[in-house]
Amino acid sequence: MGINILDAIVGTMSPLILASHLGEGRIVKHVIYLGQNSIDLVIWQFLAFRIAIVLQIIFLKAKLSAITAFPTYDTEGIWWLVYVIAGIYGSLLWKFILEHNPLSGWMKRRYIIR
């Protein structure tokens, strides 16, 4: 019981102390940007996972039917990192594409995108 309380206190205070020492560097700005776009990351991550699955089809010689794997195909070894990178940056790329296309004005007026 006492260890759980200590874990909760350390788990709460550690990010706060770390954040107070980081300042305004590039990493902090990047994390703030990810936080401001977190809903887009959640919405588009499963689409972005297809990037990692396509890479697995190419490099692991998986069957093309692996593209339908939900939510992931294989997260063993280093592939979990590929999924993290694809999930974050693939989602942000898709958000950028949606916001900067000829139909984006129409999509914004109809609340399809922010």
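Residues numbered from 1 in each chain as written. Predicted model: local features only at pLDDT ≥ 70, side-chain atom pairs only at ≥ 80, totals over all residues. Heavy atoms only, no water.

## Quick look at the overall build of the protein chain
Looking only at helices and strands, the protein chain features five helices and zero strands. Its C-alpha radius of gyration of 19 Å places the protein chain more than 25% over the 13 Å reference for a compact globule of 114 residues. Reported as C-alpha extents along the three principal axes, the dimensions of the protein chain are approximately 50 × 40 × 30 Å. Looking at the protein chain as a whole, 24% of its 114 residues are labelled buried. Residue pairs in contact within the protein chain that sit at least 24 positions apart in sequence constitute 47% of those at least 6 positions apart. Accessible surface, the protein chain as shown: approximately 8600 Å² in total, 72% of it carbon and sulfur. In the protein chain, 10 side chains carry a positive charge and 6 a negative one; their mean positions are 14 Å apart. (Helix = DSSP H or I, 4+ residues; strand = E, 2+ residues; numbered from the N terminus. Rg over C-alpha atoms; globule rule 2.2 N^0.38 Å. Buried < 20%, exposed > 50% of the residue type's maximum accessible area, 1.4 Å probe, protein only. Contact = heavy atoms within 4.5 Å. Areas by Shrake-Rupley, 256 points an atom, 1.4 Å probe, with all protein chains shown as cover. Lys, Arg positive; Asp, Glu negative; His and termini not counted. Charge placed at Lys NZ, Arg CZ, Asp CG, Glu CD.)

## Describing the confidence of the model for the protein chain
Taken as a whole, the protein chain shows an average pLDDT of 85; of its residues, 98% reach a score of 70 or greater. Here helix H1 (residues 2-22) stands out as the element of the protein chain with the lowest mean pLDDT, 81, in contrast to helix H4 (residues 79-99), whose mean of 91 is the highest. (pLDDT = per-residue confidence, 0-100.)

## Notes on the environment of Lys-95
Relative to the helices and strands, Lys-95 resides in helix H4. Relative accessible area serves as the criterion here: at 12%, Lys-95 is assigned to the buried category. Taking the C-alpha atoms as reference, Lys-95 lies 9.9 Å from Ile-43; in sequence the two are 52 residues apart. Setting aside chain neighbours within four positions, we find Lys-95 in contact with Asn-37, Asp-40 and Arg-114.

## Quick notes on the packing of helix H3 (residues 38-59) against H4
For the pair H3 and H4, the least separation of the axes is 6 Å and the interaxial angle reads 125 degrees. Between H3 and H4, the crossing angle belongs to the class labelled oblique. As for how H3 packs across H4, the hand of that crossing is right-handed. (Axes fitted to C-alpha atoms, helices over the stretch in contact; angles between N-to-C directions. Parallel < 35°, antiparallel > 145°, perpendicular 65-115°, else oblique. Left-handed = near helix turned anticlockwise from the far one by under 90°.)

## A word on H3
Along its 22 residues, H3 runs 30 Å from first to last C-alpha, staying within 8% of the 32 Å computed at 1.5 Å per residue. Most pronounced at Gln-45, the bend in H3 amounts to some 60 degrees. All of the buried residues in H3 are Asp-40, Leu-41, Ala-48, Phe-49, Arg-50, Ala-52, Ile-53, Gln-56 and Ile-57. Taken from the residues just after H3, Lys-61 is the one with a positive phi, measuring 55 degrees. (Expected span 1.5 Å × (residues − 1). Bend = angle between axes of the 7 residues up to and from the residue.)

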